Amino acid sequence: MAGRPLIGVSTYLEAGARWGVWELEAALLPAGYPRLVQRAGGLAAMLPPDAPEHAAATVARLDGLVIAGGPDVEPVRYGAEPDPRTGRPARARDAWELALADAALAAGIPLLGICRGMQLLNVALGGTLVQHIDGHAEVPGVFGRHEVKPVPGTRYAETVPEETSVPTFHHQAVDRLGAGLLVSAHAADGTVEAIELPAERGWVLGVQWHPEMGEDLRVMRALVTAASAAVS
């Protein structure tokens, strides 16, 4: 295991999780996330919500960061009124993950945003979100699939050069891009499916789908490869 980069993954914090005879507040992360990190060659560490002022010290101990999927980002974070279809806010998670993203960007730590994580990355850089779209989360609790087309010349296109079918479940999407971000993949309906910063600003990528629910390791392996530079 020596030399494998340490990849932090943000988590849920749920009031009533059940296992065995217990029903307690719990920090939760679907197992697909740590398994994907491990299969891609990294060590996975869970990062449950904490005080935002601890984010920089947390990131300083990591080689890479994943902002995981989850609930809708609260619209106040990007200056919007909530749509009736927007989910309940997860304010502690919003604050923590925005602080993690800011700290990773400031420190040059490789950063991957997945689904909500991509949207939060966009918000962290001053962008906005579309609060509801149809066709990307058709059956509650069931991941669908659709095609994603890379934008030539982008980091994502270098990692996954061909059009691919990806696991998806989301009802919000990137609207106005945050400062410096580039679109690096689209769905057939035009929805932004990947965003990134230019290479000179470090390894920063967001994908709207859920690679932890599929077999394609390339996106996570690219993060782990970038993070490995910190431990080589």
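Whatever comes next refers back to the structure up there.
Here's a quick rundown of the structure. Remember, predicted model here, so these are calculated numbers, not experimental data. (Residues numbered from 1 in each chain as written. Predicted model: local features only at pLDDT ≥ 70, side-chain atom pairs only at ≥ 80, totals over all residues. Heavy atoms only, no water.)

All right, on to the sheet that holds strand β9 (residues 164-168) then. Taking strand neighbours across the sheet as the criterion, the nine strands line up as β4-β1-β5-β6-β13-β12-β11-β8-β9 in an open arrangement whose pairing is mixed. Both edges of this open sheet fall to β4 (43-47) and β9, since each of them pairs with a single strand only. Pairs of neighbouring strands in the sheet enclose a mean axial angle of 25°, with direction left out of account. Where strand β8 (residues 144-150) lies against β9, five bridges are found, and the strand directions are antiparallel. When the bridges of β9 are listed, histidine 146 appears paired with valine 166. (Pairing = 2+ DSSP bridges. Helix = DSSP H or I, 4+ residues; strand = E, 2+ residues; numbered from the N terminus. Axes fitted to C-alpha atoms, helices over the stretch in contact; angles between N-to-C directions.)

Under the criterion given, the structure shown has nine salt bridges. Between glutamate 97 and arginine 116 there is a salt bridge; the shortest N-O distance is 2.8 Å. One end of the pair, glutamate 97, is in helix α3 (residues 91-107); the other, arginine 116, is in helix α4 (residues 116-124), and 19 residues separate them in sequence. In this structure, arginine 218 and aspartate 216 form a salt bridge, with 2.8 Å as the shortest nitrogen-oxygen distance. (Salt bridge = Lys/Arg side-chain N within 4 Å of Asp/Glu carboxyl O.)

Let us now look at the side chain of glutamine 172. Of note, glutamine 172 is situated in the loop between β9 and β10 (173-174). Only 3.3 Å separates the side chain of glutamine 172 from the side chain of threonine 86, close enough to count as a polar contact. (Polar contact = N/O pair within 3.5 Å; in protein donor to acceptor, adjacent residues only side chain to side chain.)

Mapped onto the fold, serine 184 is located in strand β11 (residues 182-187). A polar contact is formed between the side chain of serine 184 and the side chain of glutamate 196, at a distance of 3.1 Å.

Counted according to the given criterion, the structure contains two aromatic pairs. Centre to centre, the rings of tyrosine 156 and tryptophan 209 are 5.5 Å apart; their planes meet at 65°, and the pair counts as edge-to-face. Linking tyrosine 156 in helix α5 (residues 155-159) with tryptophan 209 in the loop between β13 (204-207) and α6 (218-228), this pair joins segments that are 53 residues apart in sequence. Each member of the pair, tyrosine 156 as well as tryptophan 209, is classed as buried. (Phe/Tyr/Trp six-rings, centres within 6.5 Å; stacked < 30°, edge-to-face > 60°. Buried < 20%, exposed > 50% of the residue type's maximum accessible area, 1.4 Å probe, protein only.)

Glancing now at the pairing of strand β5 (residues 64-67). Burial along β5 is two-sided: Gly64 and Val66 facing one way and Leu65 and Ile67 facing the other are all buried. Relative to β5, strand β1 (residues 6-10) runs parallel, the two being bridged by three bridges. Looking across to β5, one finds that valine 9 is bridged to valine 66. Note that β5 and strand β6 (residues 111-114) share three bridges and pair parallel.

Bear in mind that shape data such as this cannot, by itself, settle questions of function.
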